[in-house]
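# Survey of secondary and tertiary structure
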Amino acid sequence: MITRIMGEGQVKLADSHFTELNKLDDELLEEMEAGDEEGFRRTLGALLDAVRRLGTPLPDDALEPSELILPAPDATMDEVREMLSDDGLIPG
């Protein structure tokens, strides 16, 4: 799946990585519901770091449509809330 982190480039993620990413996504949702700003910051950073670590970067000049768009590292809880679907940020 082609994934973009807002303000950064795109990476290609294998489907096999989504179990790990969904765990972080679930944790992020719990922290948002609890209003835990510190936990939200920590987990958002961990989620984005995992995407960078597990994904294969696409060249900067690649024009692939992103199937998944994730918030920038400095996104606020309100900005992330606007990006959520019923499944959270990560589908599945």
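Above this text you will find the structure in question.
Residues numbered from 1 in each chain as written. Predicted model: local features only at pLDDT ≥ 70, side-chain atom pairs only at ≥ 80, totals over all residues. Heavy atoms only, no water.

## Some thoughts on the nonpolar core
Applied cut-off: Side-chain atoms within 4.5 Å are what join buried Ala, Val, Leu, Ile, Met, Phe, Trp, Tyr and Cys residues into a set we call a nonpolar core. Burial classification: accessible surface area is computed with a 1.4 Å probe over protein chains only, and a residue below 20% of its type maximum counts as buried, one above 50% as exposed, and the rest as partly exposed. Strands are runs of DSSP state E lasting at least two residues, helices are runs of H or I lasting at least four, and both sets are numbered from the N terminus onward. We call two residues in contact when some of their heavy atoms are within 4.5 Å.
Counting 22 residues, the largest nonpolar core has L21, L28, L70 and I90 as its most contacted members. Among the elements that take part in this core, helix α2 (residues 37-54) stands out by supplying 7 residues, more than any other. Contact partners of L21, with chain neighbours within four places excluded, come to L13, L47, A50, V51, L54 and I90.

## A few points about the environment of A75
Secondary-structure assignment places A75 in the loop between β4 (68-70) and α3 (77-83). A relative accessible area of 4% means that A75 is categorised as buried. With 40 residues separating them along the chain, A75 and G35 place their C-alpha atoms 15 Å apart.

## Digging into the side chain of T43
One can find T43 in helix α2. The contacts of T43, once residues within four sequence positions are left out, are L24, E27, L28 and E31.

## Considerations on the pairing of strand β1 (residues 2-5)
For the record, the criterion: Paired strands are those between which DSSP finds at least two bridges.
Pairing geometry for β1 and strand β2 (residues 10-12), over 3 bridges, is antiparallel. Bridge pairing links R4 to Q10 in β2. Linkage of β1 to β2, two consecutive antiparallel strands, is achieved through a turn of 4 residues, within which G7 is found at a positive phi near 85°. In this structure, β1 lies alongside β4, joined through 3 bridges in parallel fashion. Bridging across to β4, T3 finds its partner in L68.

## Details of the packing of helix α1 (residues 18-34) against α2
Inclusion rule: All axes are obtained by fitting lines to C-alpha atoms, using only the stretch in contact for helices, and the reported angles, taken between N-to-C directions, cover 0 to 180 degrees. The scheme is simple: roughly parallel for angles under 35 degrees, roughly antiparallel for over 145, roughly perpendicular for 65 to 115, oblique for anything else. We call a crossing left-handed when the near helix sits turned anticlockwise from the far one by less than a right angle, and right-handed when that turn is clockwise. When residues are grouped by polarity, Ala, Val, Leu, Ile, Met, Phe, Trp, Tyr, Cys and Pro land in nonpolar, Asp, Glu, Lys and Arg in charged, and all others, Gly among them, in polar.
Viewed as axis vectors pointing N to C, α1 and α2 meet at an angle of 165°, and their least axial separation amounts to 9 Å. As far as their axial angle goes, α2 and α1 are roughly antiparallel. In the crossing of α1 with α2, the sense of the turn from one axis to the other is left-handed. Mapping the contact onto sequence places E20, L21, L24, E27, L28, E31 and M32 in α1 and G39, F40, R42, T43, L44, A46, L47, A50, V51, R53 and L54 in α2. Taken together, the residues of the contact of α1 with α2 sort by class into 11 nonpolar, 2 polar and 5 charged.

## A short note on the pattern of salt bridges
Pairing between side chains of opposite charge can happen when the charged atoms of each approach one another. Our working definition: By definition, a salt bridge exists where a carboxyl oxygen of Asp or Glu is found within 4 Å of a side-chain nitrogen of Lys or Arg.
Considering all chains together, one arrives at 6 salt bridges under this definition. Linking R53 and E20 is a salt bridge whose minimum nitrogen-to-oxygen distance equals 2.9 Å. Here E20 lies in helix α1 and R53 lies in helix α2, a separation of 33 residues in the sequence. With a relative accessible area of 55%, R53 lands in the exposed category. In this structure, E37 engages R41 in a salt bridge whose closest nitrogen and oxygen atoms are separated by 3.4 Å. Placement of the pair is E37 and R41 together in helix α2, with a separation of 4 residues, close to one helical turn. Taking relative accessible area as the criterion, R41 reaches 30% and is therefore assigned partly exposed. Each of E8, D49 and R52 takes part in one network of salt bridges that share partners.

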